[in-house]
Amino acid sequence: MIRVDLRSDTVTHPSPEMRRAMYEAELGDDVYGDDPTVNRLQERAAELLGKEAGLFVSSGTQGNLVSVLAQAQRGDEVLVGDQCHIMNSEAGGTMVLGSVVLFPIKTDEFGFLEPRLIKAAIKPRDYHKPPTRLLAIENTHNASSGRALTPEQMKFMADAGHENGLKVHLDGARIFNAAVALNVPASSLTEHVDSTTFCLSKGLSCPIGSVVVGSKDFIYEADRWRKMLGSGMRQVGVVAAAGLVALDTMIDRLQEDHDDARFMASRMAEMKGISVDPERIQTNIIRFGVPSHKGNEIAARLKDEGVHINGGDSDLRIVAHYGVSRDDYDFAMKALDRVMKAIA
Ligand SMILES: Cc1ncc(COP(=O)(O)O)c(C=O)c1O
């Protein structure tokens, strides 16, 4: 039986307060724009991130998809980090459904895209090239162990795009983790971008949903794409209600996940065969190295011990999240220690 699931913060369940709010939610038909709960969530999200308007979408992937399609047309080029989620983990949706060209830029080890690399990637006006329209950045950066990019770094990247006429989208799936880790308002991380998507169903622990924010004109376009993608949802306030509770109760709580991740990383740093630097853990994601080709075996053995993590070759990930107690983390670390000794 699985006692601790550390695959992702997406495995979180809604809090009792969220379940109550979902049960009691005031509803309307959101395709007509008259679900009051959805409207409240969209307004609240936009306000928190300093933008004019918001749009409730089904997932982070859909948030990124509608944001890209609303700001780049068929045949346009979109600059992305080579390690980003849009590039590597969204089934190529922007390329397939939007017919845009994704151009990957080398990401540094902290998830930052050097402005000089951004500028060098922007194509000159030449009909042999796709016109570069959009830059997409990510914060926290999942593949860089959930590193949080600072407001200054966000500005450097966004300026490199804006100075060259690009729009800038932020995949802020975990933007509140970044804000909490850096102790800054989330709006200081979104101030310089045109659009942001963030997820309710990760560390914020809602069962479903993400919100996209930006200007009113951008949101109109994003909404049109959402409709086309078949995600105009009706009495969806029943889900959005959990989002409102999350924005009130789950943001500050993210610090617990960050502390728990540090706690685990310190334990892991002592284990034979694991390479991890606890000092680099800023938020809730721990990326760690294990001996080549051993990742799947480690994950399988851990599962037998009641701890669920994703497999892989030699780069594995553990994510701290709501609903897991210190005892559970301790249990998971003891199991990992046994497994690492057994495979040595
Ligand atoms: C950085 C980032 N962006 C986007 C997503 C996509 O979110 P969803 O799984 O809700 O589609 C994820 C999911 O883990 C993510 O880590």
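Model, not experiment: these values are computed from the prediction. (Residues numbered from 1 in each chain as written. Predicted model: local features only at pLDDT ≥ 70, side-chain atom pairs only at ≥ 80, totals over all residues. Heavy atoms only, no water.)

Side note on the side chain of Asp 171
Inclusion rule: Every helix listed is a DSSP run of H or I at least four residues long, and every strand listed is a run of E at least two residues long, numbered separately from the N terminus. Whether a residue is buried, partly exposed or exposed follows from its accessible area with a 1.4 Å probe, protein chains only, as a fraction of its type maximum: under 20%, in between, or over 50%, in that order. In this tally, Lys and Arg are treated as positive and Asp and Glu as negative; His is ignored, and so are the chain termini. Here, a salt bridge means any Lys or Arg side-chain nitrogen found within 4 Å of an Asp or Glu carboxyl oxygen. Working rule for contacts: check all heavy atoms of both residues, and any pair within 4.5 Å makes them a contact.
As for its position among the elements, Asp 171 is in strand β6 (residues 167-171). Summary of buried charges: Asp 171 has no salt-bridge partner, and the nearest side chain of opposite charge, Lys 202, is 7.2 Å away. Not counting chain neighbours up to four residues away, the residues in contact with Asp 171 comprise Asn 64, His 85, Ile 86, Glu 90, Ile 137, Glu 138, Asn 139 and Thr 197.

Some points on the sheet that holds strand β8 (residues 210-214)
Short version of the rule: Here, any two strands with at least 2 DSSP bridges between them count as paired. What counts as an axis is a line fitted to C-alpha atoms, over the stretch in contact for a helix, and the angles between N-to-C directions run from 0 to 180 degrees.
Pairing within the open sheet is mixed, and its 7 strands lie in the order β2-β8-β7-β6-β5-β3-β4. Two strands in the sheet have a free side with no partner beyond their single neighbour: β2 (53-57) and β4 (101-105). Each neighbouring strand pair of the sheet contributes to a mean axis angle of 20°, computed without reference to strand direction. In this fold helix α2 (residues 36-48) packs onto β2, β7 (195-199) and β8, with an angle of close to 125° to the strand it touches most, β2. Along the sheet face, helix α10 (residues 216-228) touches β2, β7 and β8 and points at about 15° away from the line of β2.

Here we look at helix α8 (residues 175-182)
Of all 8 residues in α8, 6 are buried; the element is thus mostly enclosed. Along α8, the positions that sit buried rather than exposed are Ile 175, Phe 176, Asn 177, Ala 178, Ala 179 and Val 180. Along its buried surface, α8 packs onto α2, β6, α9 (187-190), β7, α11 (237-249) and α12 (254-269). Directly after α8, the chain includes Asn 183, whose backbone phi takes a positive value near 60°.

Points about the nonpolar core
Across soluble globular proteins, nonpolar side chains show a tendency to be buried alongside one another. Applied cut-off: The definition of a nonpolar core used throughout is a set of buried Ala, Val, Leu, Ile, Met, Phe, Trp, Tyr and Cys residues joined through side-chain atoms within 4.5 Å.
By size, the foremost hydrophobic cluster in this structure holds 54 residues, and its most contacted members are Phe 56, Ile 118, Ile 137, Phe 176, Phe 198, Leu 200 and Leu 204. Those residues in contact with Phe 176 that lie beyond four places of it in its chain are Leu 48, Leu 49, Ala 186, Phe 198, Leu 204, Leu 247, Ile 251 and Leu 254. If you look at the next biggest cluster of nonpolar residues, it comprises 30 residues, including Ala 261, Ala 299, Ala 320 and Val 324.

Here we look at the site of the ligand
Put simply, the rule is: For each residue, the test is whether any non-hydrogen atom lies within 4 Å of the molecule or strand; if one does, the residue is near. In the analysis that follows, any N or O atom pair within 3.5 Å is treated as a polar contact, provided that within protein one partner can donate a hydrogen and the other can accept it, and provided that, for residues neighboring in sequence, both atoms belong to side chains. For the area figures, the Shrake-Rupley method with a 1.4 Å probe applies, and any residue is considered shielded solely by the protein chains shown. In the scheme used here, Gly and all other residues not listed as nonpolar or charged are polar, with Ala, Val, Leu, Ile, Met, Phe, Trp, Tyr, Cys and Pro taken as nonpolar and Asp, Glu, Lys and Arg as charged.
What surrounds the ligand is the set Ser 59, Gly 60, Thr 61, Asn 64, His 85, Glu 90, Glu 138, Asn 142, Asp 171, Ala 173, Arg 174 and Lys 202. Between Gly 60 and the ligand, the recorded distance is 2.8 Å, taken from a backbone N or O atom to an oxygen atom. Contact between the ligand and Thr 61: an oxygen atom at 2.6 Å from a side-chain N or O atom of the residue. Relative to its free-state accessible area of 390 Å², the ligand is covered by the protein chains to the extent of 85%. The element contributing the most residues to the shell around the ligand is helix α3 (residues 60-71), with 3 residues. Among the residues making up the shell around the ligand, the classes are represented as 1 nonpolar, 6 polar and 5 charged.

Notes on α2
Structural remark: α-helix, 3.6 residues per turn; residues separated by three or four positions point the same way. For clarity, the cut-off: Expected helix span is taken as 1.5 Å per residue step, with the number of steps being one fewer than the number of residues. Directions are taken from the helix axis to each C-beta atom, and the arc is the one they span.
Helix length check: α2, at 13 residues, gives a terminal C-alpha distance of 18 Å against a target of 18 Å (1.5 Å per residue), a fit within 8%. Of all the residues in α2, the buried ones are Thr 37, Val 38, Leu 41, Gln 42, Ala 45 and Ala 46. Burial along α2 is one-sided: seen end-on, the buried residues are contained in an arc of 165°. Relative to its buried face, α2 has exposed residues pointing more than 90 degrees away, namely Glu 43 and Glu 47. Looking at the buried side of α2, the elements it contacts are β2, β7, β8 and α11. Where α2 begins, the side chain of Asp 35 points an oxygen toward the backbone nitrogen of Thr 37, at a separation of 3.0 Å. Positive phi shows up at Gly 50, right after α2, with a value of about 70°.

Let's talk about the domain arrangement of the protein chain
To be explicit about the condition: All domain edges in this entry derive from an automatic or database-based domain assignment. Once two parts are joined, some of their accessible surface, as seen by a 1.4 Å probe, is lost; buried area is that loss totalled over both.
By domain assignment, the protein chain separates into domain 1 (14-249) and domain 2 (253-343). When each unit is reduced to the centre of its C-alpha atoms, the spacing between domain 1 and domain 2 is 28 Å. Each partner contributes residues to the interface: domain 1 has 22 residues there, and domain 2 has 15 residues. Of the roughly 1600 Å² buried where domain 1 meets domain 2, counting both sides, 46% is carbon and sulfur surface. It is Ser 145, Arg 147 and Asn 177 that lose the most area in domain 1 upon contact with domain 2, and together they represent 32% of the buried surface on that side. Inspection of the region where domain 1 meets domain 2 yields 1 salt bridge. With a closest N to O distance of 3.0 Å, Glu 109 and Arg 280 form a salt bridge. In this structure, the connection of domain 1 to domain 2 is made through 11 residue pairs in polar contact (both at pLDDT 80 or more). Per-element accounting of the side of domain 1 that touches domain 2 gives the leading share, 5 residues, to α8. Taken together, the residues of the side of domain 1 that touches domain 2 sort by class into 9 nonpolar, 10 polar and 3 charged.

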